[in-house]
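Topology and contacts: notes
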Amino acid sequence: MSDRSRTDHPRTHYFDRRRSTAYDRRARRSLGGLYRRVAADVAALAPPDAVVLDVGTGPGQLPREIAARRADVVLGGVDLSADMVDIATAAVGDLASRITFQVADVAALPQPDDSVDLVVSTLSMHEWPDRRRAVAELGRVLRPGGVLLVYDFRFARFEPEAFTGFADVRRVPVRPGWWPVALFSRVVASAR
Ligand SMILES: C[S@@+](CC[C@H](N)C(=O)[O-])C[C@H]1O[C@@H](n2cnc3c(N)ncnc32)[C@H](O)[C@@H]1O
């Protein structure tokens, strides 16, 4: 756990218990299609027995979707909000041996260097105050050749220069399930 994340980050207190609970409820209602689409992408790209990290995991619905599709992978979820992490941990149920949640800032992750095979993140990057530093941190924890998948709102600010430490960087629109328009985008890249 990163102590820094609990203290000096500008958004540490934004997702408090009330907002986190409300977000979980809304996300269960409206984001299932996105989680299923992202989980399918992760399941297709993660190597056998992969270590997968979900950054800004929120209430942890995505790691549960991924675990349901790939019995061989081990998952971590990190979030700046201790309340989100509490909700994610309480919901993990029988998957507790395969999914671990921690409070941490994307810019100061507790994972060792080169320890993760695939990093995924949904609807969180637009909240990171220093995306260049955050993405460099994702590159630190990914092993060389590891996969980065960052999904966010399509119209959120995108800074390609944040990804200079990665190879084969591509950004494409994503329209999951029944959504009438491509509201989301996906950045896919490979760690050097
Ligand atoms: C809109 S929610 C998305 C949650 C989840 N990924 C989903 O798709 O439902 C954004 C999440 O990013 C987290 N977050 C924001 N800034 C962060 C940071 N610097 N480090 C880690 N998590 C962060 C928030 O606490 C929040 O849980």
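Residues numbered from 1 in each chain as written. Predicted model: local features only at pLDDT ≥ 70, side-chain atom pairs only at ≥ 80, totals over all residues. Heavy atoms only, no water.

Things to note about the nonpolar core
How we decide: For the purposes of this section, nonpolar cores are sets of buried Ala, Val, Leu, Ile, Met, Phe, Trp, Tyr and Cys residues that join through side-chain atoms within 4.5 Å. Each residue gets one of three labels from its accessible area relative to the maximum for its type: buried under 20%, exposed over 50%, partly exposed in between, using a 1.4 Å probe on protein chains only. Helix numbering and strand numbering both begin at the N terminus, where a helix is a DSSP run of H or I of at least 4 residues and a strand a DSSP run of E of at least 2. Two residues qualify as a contact provided that any one of their heavy atoms is within 4.5 Å of a heavy atom in the partner residue.
Counting residues in hydrophobic clusters, the biggest one holds 34 residues, and the most contacted among them are Leu-31, Val-52 and Val-120. Mapped by element, the contributors of at least two residues to this core are helix H2 (17–30), helix H3 (32–45), helix H4 (61–69), helix H5 (82–91), strand E3 (99–103), strand E4 (116–122), strand E5 (142–153) and strand E7 (184–191). It is H3 that provides the largest number of residues to this core, a total of 5 residues. Apart from the residues within four sequence positions on either side, Val-120 is in contact with Val-38, Val-42, Val-52, Leu-53, Asp-54, Val-55, Leu-62, Ile-66, Leu-149 and Tyr-151. Of all hydrophobic cores here, the second largest spans 23 residues; its members include Val-78, Val-116, Ala-134 and Leu-142.

Some words on helix H6 (residues 131–141)
Worth spelling out the cut-off: Directions pointing from the helix axis toward each C-beta atom define the arc.
Looking only at H6, the buried set comprises Arg-131, Ala-134, Val-135, Glu-137, Leu-138 and Val-141. Down the axis of H6, the buried side of the element spans an arc of 150°, and every buried residue falls inside it. Looking at the buried positions of H6, the neighbouring elements they touch are strand E1 (51–55), E4, E5 and strand E6 (166–174).

Let's talk about the UniProt feature "domain: Methyltransferase type" (unreviewed entry) in the protein
The condition is simple: UniProt positions are given in the numbering used here, feature names are shortened, and annotations may be inferred rather than shown by experiment.
When the UniProt feature table is mapped to this numbering, "domain: Methyltransferase type" (unreviewed entry) covers residues 53–150. For residues 53–150, the end-to-end C-alpha separation is 12 Å, with 31% helix and 31% strand making up the annotated structure.

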